[in-house]
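Each chain, written out:
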Amino acid sequence: MEKSTSKNENKKTNAKINLKNKNSKILKIMGSYTCGIAWYCKKCGGCCDSPTVTKKDIVNIAKYLGLSFNEVIEKYLRYFDGKMGEIKEVRGRCIFLDKRRCTIYKARPLICKLRPFSPQFKNGKLVLTYDIWFLKHCRGFFIGDMKIDKKYFKYAEILVKSLGFEEETPKEEFNRLKKRLKNAHEN
Ligand code: SF4
Ligand code: SF4
């Protein structure tokens with residue numbers, strides 16, 4: 001009995017060390033700041049619901065699937081207002097999600113490429129911070145600073161031009177997530 005307890009404790013310690021190593025490895029690669037919370041996509045498909053699409057996204061998807069612009073709208077969009085639309089869901093998940101895999105990954109909409117970041121303006125400057133949904137649900141978070149890849153700013157600029165920017169995420173959401181992560185790391 002004692003043996004198995006100490007085995008479990010060892011396992012826990014090793015898991016913590018592995019997590020620490022993994023994090024510092026990722027942090028080394030990525031390295032700066034988004035409210036002190038780093039992120040890594042576990043490709044769980046958890047955020048694949050019904051993404052907003054721009055005209056350009058529809059053009060890309062049409063090209064990728066060998067369909068016309070209107071065929072994509074008819075088959076895969078739940079609405080399109082001439083400027084933007086939304087991809088259909090099947091049982092609450094994006095129609096392009098197959099188990100955990102995106103079947104149009106190379107042509108996925110900009111908003112999917114930007115996840116989990118949310119483009120916001122602070123003092124007239126475009127900044128990226130975490131989207132509130134991700135702070136509540138994404139499984140890829142852990143504490144630590146992480147540099148935002150330049151490509152995300154590129155996606156954000158294009159997206160802001162088409163869809164506008166989002167409301168600032170309240171500080172309490174970050175604090176709530178930090179608390180959740182702290183508890184998870186300690187247990
Ligand atoms: S929920 Fe988070 S970890 Fe899962 S696919 Fe989306 S971004 Fe990646
Ligand atoms: S298009 Fe792909 S990445 Fe975007 S929500 Fe659908 S399945 Fe997920």
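Structure shown above.
Not measured: the values here are computed from a predicted model. (Residues numbered from 1 in each chain as written. Chains lettered and ligands numbered in written order. Predicted model: local features only at pLDDT ≥ 70, side-chain atom pairs only at ≥ 80, totals over all residues.)

**A short note on helix α2 (residues 55-65)**
Here is step 1 of the chain: For α2, the full list of buried residues reads D57, I58 and I61. Burial along α2 is one-sided: seen end-on, the buried residues are contained in an arc of 100 degrees. Opposite the packed face of α2, turned more than 90 degrees from it, sit the exposed residues K56 and K63.
Here is step 2 of the chain: Against the buried residues of α2 lie β2 (52-54), α3 (69-76) and α4 (110-114). (Buried ≥ 20, exposed ≤ 12 C-beta atoms within 10 Å, placed from the backbone. Helix = DSSP H or I, 4+ residues; strand = E, 2+ residues; numbered from the N terminus. Arc of directions from axis to C-beta. Contact = placed C-beta atoms within 7 Å.)

**A few points about the site of ligand 1**
Here is step 1 of the chain: The local shell around ligand 1 consists of C41, K42, K43, C44, G45, G46, C47, R115, P116, C138, R139 and G140.
Here is step 2 of the chain: Here the shell around ligand 1 is composed, by residue class, of five nonpolar, three polar and four charged. (Near = placed C-beta within 6 Å. Nonpolar A, V, L, I, M, F, W, Y, C, P; charged D, E, K, R; others polar.)

**Remarks on the site of ligand 2**
Here is step 1 of the chain: Close contacts around ligand 2 come from C48, P51, C94, F96, L97, C102, I104, R108, P109 and C112, and that covers them all.
Here is step 2 of the chain: Class assignment of the residues belonging to the shell around ligand 2 gives a composition of nine nonpolar, no polar and one charged.

**A closer look at the packing of α2 against α3**
Here is step 1 of the chain: The contact between α2 and α3 brings their axes to 9 Å, and the two run at 95 degrees. Relative to α3, α2 is oriented roughly perpendicular. Each of I58, V59, I61, A62 and L65 in α2 lies in contact with α3, whose residues at this interface are F69, V72 and I73.
Here is step 2 of the chain: Residues of the contact of α2 with α3, tallied by class, amount to eight nonpolar, no polar and no charged. (Axes fitted to C-alpha atoms, helices over the stretch in contact; angles between N-to-C directions. Parallel < 35°, antiparallel > 145°, perpendicular 65-115°, else oblique.)

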